[in-house]
Amino acid sequence: KAQGGTTHVPYREVYVAGSRPRLTSTHSIMMAMAGSLSCQQVALISLLLAAAVSRSNAFLPSSLSRGTFTQSPANIVGGPKGSSPVRPMTTNLRMGLDLVTYLRTEWISAALCTNQTPRSADVCLQLGTEDGRAVTFIPKTIRTLITSSAEPDGKLTVTARRQLKQQADRRKAATIQYEDQRADDLTEVADESVDIVISLQAAERMRDNGLDWKKSVQEAARVLKPGGRLLFTEATTIDGVNYLDYIQNLYTMRVGEDDVVKSEGDDDDENDIRYPVFDEIGSDTVDLVIVPHVAGVAIKAMDAGLTPAERAAKAAQEEKDRLADLSIAAFERGNKKRRKKKKKKKTDEEAVENA
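Chemist: What should I look at first to understand the overall build of the protein chain in this one?
Modeler: For the protein chain, the helix and strand inventory stands at 10 helices and 14 strands. Looking at the protein chain as a whole, 37% of its 355 residues qualify as buried. A total of about 20,700 Å² of accessible surface is found on the protein chain, and carbon and sulfur atoms cover 52% of it.

Chemist: Would you mind showing me how to read the nonpolar core here?
Modeler: In globular proteins that are soluble, nonpolar side chains generally tend to be buried together. One finds Val-197, Trp-213, Leu-230 and Phe-278 to be the most contacted residues of the largest nonpolar core, which totals 34 residues. Secondary structure elements with two or more residues in this core: β3 (123-126), β6 (194-200), α7 (203-208), α8 (213-223), β7 (224-235), α9 (243-248) and β14 (293-300). The leading source of residues in this core is α8, at five residues. Sequence-distant contacts of Val-197, defined by excluding residues within four places in its chain, comprise Leu-125, Leu-127, Ala-220, Val-223, Leu-224, Arg-229, Leu-230 and Leu-231. Judged by nonpolar contacts, the second largest core, of 21 residues, contains Cys-113, Ala-134, Leu-164 and Leu-231.

Chemist: Quick question: what am I supposed to make of the packing of aromatic side chains here?
Modeler: Any pair of aromatic rings gets described here by the distance separating the centres and the angle formed by the planes. For the structure on display, the rule yields three aromatic pairs. Ring geometry for Trp-213 and Tyr-243: centres 5.4 Å apart, planes at 25°, overall stacked. Within this pair, whereas Trp-213 is found in helix α8, its partner Tyr-243 is found in helix α9, the two being separated by 30 residues in sequence. Residue classification places Trp-213 among the buried positions, given a relative accessible area of 5%. Look at Phe-232 and Tyr-243: their rings are 5.4 Å apart centre to centre, the planes differ by 50°, and that puts the pair in the tilted class.

Chemist: Hey, could you run me through the sheet that holds strand β5 (residues 175-177) in this one?
Modeler: Strand pairing in a sheet relies on backbone hydrogen bonds. The paired strands run either parallel or antiparallel. The sheet built from seven strands is open, its strands ordered β5-β4-β3-β6-β7-β14-β13 with mixed pairing. Strands with a single pairing partner mark the edges of an open sheet, and in this sheet they are β5 and β13 (278-285). Across the sheet, the mean angle from the axis of one strand to that of its neighbour is 20°, orientation sign disregarded. Judged from the seven bridges that link them, β7 and β14 form a sheet pairing that is antiparallel. Counted as the bridge partner of Ala-235 is His-293 from β14. Contacts from α8 reach β6, β7, β13 and β14, with the element oriented near 155° to β7.

Chemist: Explanation requested: the environment of Gly-296 in the structure shown.
Modeler: With respect to the helices and strands, Gly-296 occurs in strand β14. The exposure class of Gly-296 is buried, given its relative accessible area of 5%. In this structure the C-alpha to C-alpha distance between Gly-296 and Ile-281, which are 15 residues apart in sequence, comes to 7.3 Å.

Criteria and cut-off values
Residues numbered from 1 in each chain as written. Predicted model: local features only at pLDDT ≥ 70, side-chain atom pairs only at ≥ 80, totals over all residues. Heavy atoms only, no water. Helix = DSSP H or I, 4+ residues; strand = E, 2+ residues; numbered from the N terminus. Buried < 20%, exposed > 50% of the residue type's maximum accessible area, 1.4 Å probe, protein only. Areas by Shrake-Rupley, 256 points an atom, 1.4 Å probe, with all protein chains shown as cover. Core = buried A, V, L, I, M, F, W, Y, C linked by side-chain atoms within 4.5 Å. Contact = heavy atoms within 4.5 Å. Phe/Tyr/Trp six-rings, centres within 6.5 Å; stacked < 30°, edge-to-face > 60°. Pairing = 2+ DSSP bridges. Axes fitted to C-alpha atoms, helices over the stretch in contact; angles between N-to-C directions.

Shown next, in the form of structure tokens:
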């Protein structure tokens, strides 16, 4: 596996133990309007709605605005009056992305998947599948979409399975390969078997659920084929770690003196040679958002995972092929010159005879 460094749901959702969050009606209205309004109009309406929501939050009870409130059994209908509370019941208020950031990152994610997926790609894997939007984001040239979960138990939720099936039935494109596996431990996916990995606002959900988002990036690097692509739209920083910096500094191995491959626990030396997992990374910050996000594409190196000996052998073979191509090109140029010279001689002889 690749080794790395050591180092939205809409704007509001209410999480109650044993239930799944539901999208607010505002989200449904905005998504319906997005098809008929320009980006500037939708952005303006989103800003106005966000301002209205922030003003309404000022009138929430202090306990609710902090995210938790307690209720004793004596206050529950049917409970014995005057009884002392046995244990407090808590209802946590989980704040997701604000509406403006959510809509903008959704548009960016859709455009990224559509424009940066090569036509030759057949297999796509999504990190932290939570709904069916990936089915509509990826091009119809993708034949298989593999799922993974950001839930602690690694299982897809019933809601996610239902939405994936609904979107797949409507679009009639990629086949959904349902896999109950954690996004940071892709046990059901073989090495170098995937063309595209997408990570769309999944890193923070992994963090919230106790998963390791850094390990999910390492797993993505492991399952990607050489030349495969990681498409991401994620928060710029997660727990103080810059998402883009982590990808850029991810390497497959560290080699010291005498071509000795070092493990992660070995001493670090400035003279060590590091082989990066992704040799080409293009990214940009997402504009018109409240919460900073970054979107981009990282292309896995063609020689990622090769040992120094294998890299040397590959370089020698490439040099041999290059010299062979030069020899063939030189031979063809010589043949062309000889044919041209022979034709000129024949033309001159015919001119002498006619004279």
